[in-house]
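Descriptive analysis of the structure
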Amino acid sequence: MQKISDKLLINVLLPIVLLTMVFYGFNSAYFPYSTLEKLPDYYYSNVYNFRFISRDALVWFFEQFNTVFTSLNPTLKEYASQYGTPFYHSFFLFNAFFLVLTSWCLNELFALKTFAKTSEVVKIIIHTFILLLISITSYVLTPYDSPALFLFAITVFFTLKYFEERKPKQLIFISALIFISTLNRETSSLNIAFLGALFLDKEILKKEKLQKFTRIIALPVFTFLLAYISVRIFMKTDEATVSEGIYLVQNLTKPNNILGILFFIIFIRWCQKISSSQQNIGKISAFLLFCSPYLLMILMVGILWEIRLFIPIIIGMILLSQMNFEEDTKMD
């Protein structure tokens, strides 16, 4: 009974409380989200049009929520309206739902034997810290960030299961998740980076090792490219298909964007400092190497003040810092 209540406390109540504080306790100076009556039209154009899964899911959820909201008691409706529009409230509930799912995935991750040597206290602290980090970076709201983090976390879970058990069907399932995740947001590529970091070793240049490594990542890479390219072929648009603009100069010159870069650098060093061993630091370095195409892309076309862009990488680094890499978990 105690274990059940603890799980509910950390996996359900904590993410909801944290997100409630951010949504309703802080007013974002980035954009007046609380006044939105509907999803902005630009989510149906440019590169946003290809991230349709969570966008359409949010719109559907808002329609259902709005039906309930209009039938609420007038006093309750008036109270809720003080803190935002019905769309803003539905945005909160949508994000809270996926944050709870992400929290559940983290709980299942830390139960794997890969983290058997990590103390329960450290697991709880890291779990809480990740939830806090996700919540405070929600000053930029998009339909796809929360679902993307859930998809990243659940794919990492099955990646670690594959790392432990090496069952081919697990790799097929991982690839299917990457395909679905790519239709939500391109951060799915970071799951491939995580998979690659796990199986990369010092003898990778040997022919046999390289062949085995290639066989492991080939299907996930193929499914990512299949989803990425297909959606751009079949969903016709006369506008940009990769980004909405180039922000390289702004990212390297504007103080707020430079702070975003410093934020990421600080967390790289932080993850190295909390690593269990030199091998964990090596895995973090390998992960960052495989993340380099994504990092280059967001440097070119992202706005680095939106530090949400770094969150999946930071979560990946934190997990790698605490994993137990034994001899028997090396690539056969």
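Data block above holds the structure.
Residues numbered from 1 in each chain as written. Predicted model: local features only at pLDDT ≥ 70, side-chain atom pairs only at ≥ 80, totals over all residues. Heavy atoms only, no water.

**Comments concerning the packing of aromatic side chains**
As a reminder of what qualifies: We call Phe, Tyr and Trp rings a pair once their centres come within 6.5 Å, taking the six-membered ring for Trp, and we label the pair stacked below 30 degrees between planes, edge-to-face above 60, and tilted otherwise. Segments assigned H or I by DSSP are reported as helices when at least four residues long, segments assigned E as strands when at least two residues long, and all are numbered from the N terminus. Think of it in three bands: with a 1.4 Å probe and only protein chains considered, a residue is buried below 20% of the maximum accessible area for its type, exposed above 50%, and partly exposed in between. The rule for a charge over a ring is simple: NZ of Lys or CZ of Arg within 6 Å of the ring centre, and within 35 degrees of the ring normal.
Scanning the entire structure with this criterion turns up 34 aromatic pairs. Measuring from centroid to centroid gives 5.2 Å for Y24 and F92, while their planes differ by 65 degrees, and the two rings are edge-to-face. Taken together, the positions of Y24 in helix α1 (residues 2–25) and F92 in helix α4 (residues 86–110) put the pair 68 residues apart, joining distant regions of the chain. For F92, a relative accessible area of 9% gives the class buried. Of the aromatic side chains, those joined through ring pairs into one cluster are F23, Y24, Y79, Y83, Y88 and F92. The ring of Y144 has R51 lying over it, and the distance from NZ or CZ to the ring centre is 4.8 Å. The side chain of R232 reaches across the aromatic face of Y228, ending 3.7 Å from its centre.

**Observations concerning the environment of T35**
Along the chain, the position of T35 falls in the loop between α1 and α2 (52–70). Along the primary structure T35 and G84 are separated by 49 residues, whereas in three dimensions their C-alpha atoms are 6.1 Å apart.

**Digging into the packing of α2 against α4**
Operational definition: Between the N-to-C directions of two axes lies an angle of 0 to 180 degrees, each axis being a line fitted to C-alpha atoms and, for a helix, fitted only over the stretch in contact. Working rule for angles: under 35 degrees goes down as roughly parallel, over 145 as roughly antiparallel, 65 to 115 as roughly perpendicular, anything else as oblique. If you view the pair so one helix is near and one far, a crossing is left-handed when the near helix is turned anticlockwise from the far one by less than a right angle, and right-handed when it is turned clockwise. In this description, contact between two residues means that some pair of their heavy atoms is separated by no more than 4.5 Å.
Put simply, α2 and α4 touch, their axes get as near as 9 Å, and they point 120 degrees apart. The orientation of α2 relative to α4 falls into the category oblique. Where α2 crosses over α4, the two elements pack in a sense that is right-handed. Where α2 approaches α4, its residues S54, A57, L58, F61, F62, F65, N66 and F69 are matched on the opposing element by P86, F87, H89, S90, F91, L93 and F94.

Interpretation note: all reported values are geometric properties and have no functional meaning in isolation.
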